[in-house]
Amino acid sequence: QVQLVESGGGLVQAGGSLRLSCAASGRTLSVYAMGWFRQAPGKQREFVAQITWSGGSTDYADSVKGRFTISRDNAKNTVYLQMNSLKPEDTAVYYCAARTGTKFNYWGQGTQVTVSS
């Protein structure tokens, strides 16, 4: 099992920045990649970004490219999501996720990000 705990959400004005953190514990050696997803009210959960645990390869949703940066600290078993130039449409619950195979199979509890206009 892998446990994930997010932190860093909050309320920010449009154009501002936030950094989310996700600390992993448990069987972290089995983790291939970690990612961030988000779910806005009335919408489906969507992919935001992911990073491989060993090589650090990254992938982003088109909607956040150039504004969000995902990174990891292997020593701390922690992944970060630096969010800049935030827009009201970025408002959502952000979830950290880990995958040990082809699909993300471990999820955090989520952290609320609210961007005011």
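Rules of the game
Per chain, the residues get numbers from 1 upward, laid out in the order the sequence is written. Confidence filtering applies because this is a predicted model: local features only for residues at pLDDT of at least 70, side-chain atom pairs given and counted only at 80 or more, and all residues used for totals across whole chains, interfaces and linings. The basis for the side-chain values is all heavy atoms of the structure; hydrogens and waters are excluded. Secondary structure elements are defined from DSSP: runs of H or I of at least 4 residues count as helices, runs of E of at least 2 residues count as strands, and each element is numbered from the N terminus. When a residue's accessible area, from a 1.4 Å probe over protein chains only, is under 20% of the maximum for its type it is buried; when over 50% it is exposed; and in between it is partly exposed. Note that accessible areas follow from Shrake-Rupley with a 1.4 Å probe, and for residues the cover is restricted to the protein chains shown. Two residue types count as positive, namely Lys and Arg, and two as negative, namely Asp and Glu; His and chain ends fall outside the count. A charged residue contributes its charge at one atom only: NZ of Lys, CZ of Arg, CG of Asp or CD of Glu. Each Phe, Tyr or Trp ring, with Trp reduced to its six-membered ring, pairs with another whose centre is within 6.5 Å; inter-plane angles below 30 degrees give stacked pairs, above 60 give edge-to-face pairs, and intermediate values give tilted ones. The rule for a charge over a ring is simple: NZ of Lys or CZ of Arg within 6 Å of the ring centre, and within 35 degrees of the ring normal. Just to be clear on terms, a salt bridge is a Lys or Arg side-chain nitrogen sitting within 4 Å of an Asp or Glu carboxyl oxygen. Criterion used throughout: strands pair if DSSP finds at least two bridges between them. A fitted line through C-alpha atoms represents every axis, and for helices the fit uses only the stretch in contact; the resulting angles, taken between N-to-C directions, go from 0 to 180 degrees.

This paragraph deals with the overall build of the chain. Per the secondary structure count, the chain includes zero helices and 11 strands. Counting from the amino terminus, helix and strand elements in the chain follow one another as β-β-β-β-β-β-β-β-β-β-β. Principal-axis analysis of the C-alpha atoms places the extent of the chain at approximately 40 × 25 × 25 Å. The proportion of buried residues among the 117 residues of the chain is 44%. When the accessible area of the chain is evaluated, it comes to approximately 6100 Å², of which 47% is carbon and sulfur surface. Charge separation in the chain, taken as the distance between the mean sites of 12 positive and 7 negative side-chain charges, equals 5 Å.

This part takes up the packing of aromatic side chains. Taken as a whole and assessed by the stated rule, the structure comprises three aromatic pairs. Aromatic ring contacts, followed pair by pair, group Phe37, Phe47, Phe104 and Trp107 into a single cluster. Positioned above the aromatic ring of tyrosine 95 is the side chain of arginine 45, whose terminal nitrogen or guanidinium carbon lies 4.0 Å from the ring centre. When the ring centre of phenylalanine 104 is taken as reference, the NZ or CZ atom of arginine 99 above it lies at 5.6 Å.

The next subject is the pattern of salt bridges. A full pass over the atoms with the stated rule returns four salt bridges. The salt bridge involving arginine 38 is made with glutamate 46; its shortest N-O contact spans 2.6 Å. A relative accessible area of 6% places arginine 38 in the buried class. Shared partners join several salt bridges into a network, and the residues in it are Arg38, Glu46, Arg67 and Asp90.

A separate point is the pairing of strand β7 (residues 68–73). Strand direction decides the pairing type here: β7 and strand β8 (residues 78–83), joined by six bridges, are antiparallel. The residue bridging phenylalanine 68 from the neighbouring strand is methionine 83, located in β8. In this structure, the hairpin formed by β7 and β8 is closed by a connection of four residues, where asparagine 77 is found at a positive phi of approximately 50°.

Moving on to the sheet that holds β7. Across the sheet, four strands lie side by side as β1-β3-β8-β7; this open sheet has antiparallel pairing. At either end of the open sheet lies a strand with only one pairing partner, and these are β1 (2–7) and β7. When the angles between neighbouring strand axes are averaged without regard to direction, this sheet yields 20°.

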